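Per-entry structural report
Chain residues, written in single-letter form:
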Amino acid sequence: RRLVILISGRGSNMQALAEACRDECWPAEIAAVIASRPDAGGLEWAAAQGIPTAALYHKDYASREAFDTALAAEIDRYAPDYVILAGFMRVLTPGFVNHYAGRLVNIHPSLLPAFPGLHTHAQALATGVRVHGCTVHFVTPVLDHGPIIAQGCVPVLAGDTPELLAERVLAVEHQAFPAAVRWLAEGRVTLTNDHRVAVQGDP
Ligand code: GRF
């Protein structure tokens, strides 16, 4: 299975996936890493691993549609089976999302449906939840709302700050994301036409 990973920043989730893919038994390979900005830290790391990289700067495009059209053209050059959003900080147009229906997944740093959007760790602390975590989900046109593939949770501790909580959540992101992508690549998890996650072996 071929993966194209989209990033906007440091790319630690992309690294966790790349490290999992290095294992010979892993059913997927990274065909390319594509960033939404040329200064995304993760690009350098990916290039140093010999992974093809590209950057499309969203500010170079007149509209969201124009950016998404160019992005899809770049992605499709690599003929991926799955497109993985790993800290990709752009809202994608319905046209883009539908083009990759059932093949587009995202990781979000909260236990969805709680805390969609930005500043999830601050939101969790402000709300006073006792558990927090991350969610790997299929992407649908509604931001941070797609069918859930996997979640990882962590306790919220006394004295937590958004930064401390982010660090604890990131550690479980690095476990949950490769696990979920592996299930996808093995065909054990699919998106049904009525937008449910089907897990092989479930009744
Ligand atoms: C992660 O917390 C991810 O869940 C969120 O943005 C962060 C990206 O981190 N969408 P990294 O670039 O993978 O290190």
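1. Brief notes about the packing of helix H1 (residues 12–22) against helix H6 (residues 162–185)
- It is at 9 Å that the axes of H1 and H6 come closest, and there the two elements cross at 45°. Considering the angle they form, H1 stands oblique to H6. When the axes of H1 and H6 are compared, the crossing they make is right-handed. Where H1 approaches H6, its residues Ser12, Asn13, Ala16, Leu17 and Ala20 are matched on the opposing element by Leu170, Glu173, His174, Phe177, Pro178 and Val181.

2. Considering helix H3 (residues 64–76)
- For H3, built from 13 residues, the straight-helix expectation of 18 Å at 1.5 Å per residue is met to within 8% by its first-to-last C-alpha distance of 18 Å.
- Structurally, H3 contributes buried residues whose contacts are with strand S1 (2–7), strand S2 (29–35), strand S3 (53–55), strand S4 (82–85) and helix H4 (94–99).

3. Things to note about the site of the ligand
- Close contacts around the ligand come from Arg10, Gly11, Ser12, Asn13, Gly87, Ile107, Pro109 and Glu173, and that covers them all.
- Within the backbone of Ile107, a nitrogen or oxygen atom sits 3.4 Å from a nitrogen atom of the ligand.
- Across the complex, the protein chains shield 86% of the 370 Å² of accessible surface that the ligand would expose by itself.
- A per-class count over the shell around the ligand returns two nonpolar, four polar and two charged.

4. A few points about the packing of H1 against helix H2 (residues 41–48)
- Axis separation between H1 and H2 bottoms out at 10 Å; the angle between their running directions is 15°. In terms of orientation, H1 and H2 fall into the roughly parallel class. Crossing of H1 against H2: the hand is right-handed. Contacts from Met14, Gln15, Ala18, Glu19 and Arg22 in H1 reach Gly42, Trp45 and Ala46 in H2.
- When the residues that make up the contact of H1 with H2 are grouped by side-chain class, the tally is four nonpolar, two polar and two charged.

So, how was this worked out
Residues numbered from 1 in each chain as written. Predicted model: local features only at pLDDT ≥ 70, side-chain atom pairs only at ≥ 80, totals over all residues. Heavy atoms only, no water. Axes fitted to C-alpha atoms, helices over the stretch in contact; angles between N-to-C directions. Helix = DSSP H or I, 4+ residues; strand = E, 2+ residues; numbered from the N terminus. Parallel < 35°, antiparallel > 145°, perpendicular 65-115°, else oblique. Left-handed = near helix turned anticlockwise from the far one by under 90°. Contact = heavy atoms within 4.5 Å. Expected span 1.5 Å × (residues − 1). Near = heavy atom within 4 Å. Polar contact = N/O pair within 3.5 Å; in protein donor to acceptor, adjacent residues only side chain to side chain. Areas by Shrake-Rupley, 256 points an atom, 1.4 Å probe, with all protein chains shown as cover. Nonpolar A, V, L, I, M, F, W, Y, C, P; charged D, E, K, R; others polar.

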